[in-house]
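Now for the letters of each chain:
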Amino acid sequence: MKHSQADILREYGPFPGASQVHGLTFDGRHVWFASGDRLNALDPETGKVVRVIDVAGDAGTAFDGTHLFQIVDDRILKIDLQSGRVLAAIPTPGHGGDSGLAWAEGSLWVGQARGRKIHQVDPETGDVLRTIESDRLVTGVTWVGGQLWHGTWEGDESDVRRIDPETGEVMERIGMPAGAGVSGLEADAAGRFFCGGGDSGKIRAVRRPQSA
């Protein structure tokens, strides 16, 4: 297993009116993050929030190329990016114990924090298609370049790890500095991970390894 320490490229926030960062995703231009009572679009170049959608969100966020998906309580909401309207809702696999959310290969991938699992979920029905076990608390989840990564956060220790999507074996691990927890996780095409910082209200951009 490869092991390295996080190279933090930039910190964003805290942001006015957004005391927490839960899930986050990237739409090709903006980093969207859930802050409890709304979704916020961050311009990663300027560091400014440029748009807000009044939809609650207390866990993972994902983008399928057209729609945002947001976990709130025991549901996953499907949201029109242009209008901000909620179009549909499906049940979460953890019935409220869910954490990260990602979109890949036509499916939603839902992390369960205390359950230490990642579920592949049908985005139309909410049916669980398969389950990957983890040996750590699962926070944010992202797919990038055909690789599955997830965040962990236990006590003061947090990291981002790449796992084998078939076996759950940890292939690579990036350790975060003490106190820099990872509540949400997303990647962009420019070699960055975006890591939500929970109650710190911050988002940290971390250099992605060349293998990713």
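Reading guide: rules and limits
- Residues numbered from 1 in each chain as written.
- Predicted model: local features only at pLDDT ≥ 70, side-chain atom pairs only at ≥ 80, totals over all residues.
- Heavy atoms only, no water.
- Core = buried A, V, L, I, M, F, W, Y, C linked by side-chain atoms within 4.5 Å.
- Buried < 20%, exposed > 50% of the residue type's maximum accessible area, 1.4 Å probe, protein only.
- Helix = DSSP H or I, 4+ residues; strand = E, 2+ residues; numbered from the N terminus.
- Contact = heavy atoms within 4.5 Å.
- Salt bridge = Lys/Arg side-chain N within 4 Å of Asp/Glu carboxyl O.
- Pairing = 2+ DSSP bridges.
- Axes fitted to C-alpha atoms, helices over the stretch in contact; angles between N-to-C directions.

By size, the foremost hydrophobic cluster in this structure holds 13 residues, and its most contacted members are Trp149, Val160, Met176, Phe193 and Cys195. Among the secondary structure elements, those contributing two or more residues to this core are strand S19 (184–187) and strand S20 (192–196). Sequence-distant contacts of Met176, that is, excluding residues within four places in its chain, are made with Gln5, Ala6, Ser158, Asp159, Val182, Cys195, Arg204 and Val206.

Oppositely charged side chains may form a pair once their charged atoms are brought near each other. Across all of its chains, the model carries twelve salt bridges by this definition. Across the pair Glu154 and Arg116 runs a salt bridge, and its minimum N-O distance is 3.6 Å. Of this pair, Glu154 sits in strand S16 (residues 147–154) while Arg116 sits in the loop between strand S12 (107–112) and strand S13 (117–121); the two residues are 38 residues apart in sequence, bridging distant segments of the chain. A residue is classified by how much of its surface remains accessible, and Glu154, at 25% relative accessible area, is partly exposed. For Arg116, a relative accessible area of 30% puts it in the partly exposed group. For Arg192, the salt bridge is made with Asp188, and the minimal N-O distance between the two is 2.7 Å.

With that settled, consider the sheet that holds strand S6 (residues 48–53). Strand order in this open sheet of four strands is S3-S4-S5-S6, and the pairing throughout is antiparallel. Two strands close off the open sheet at either side, each with one partner strand: strand S3 (24–26) and S6. The sheet shows a mean angle of 25° between the axes of neighbouring strands, direction not considered. Note: S3 against strand S4 (residues 31–34), three bridges, orientation antiparallel. Counted as the bridge partner of Leu24 is Phe33 from S4.

These figures capture arrangement, not role.
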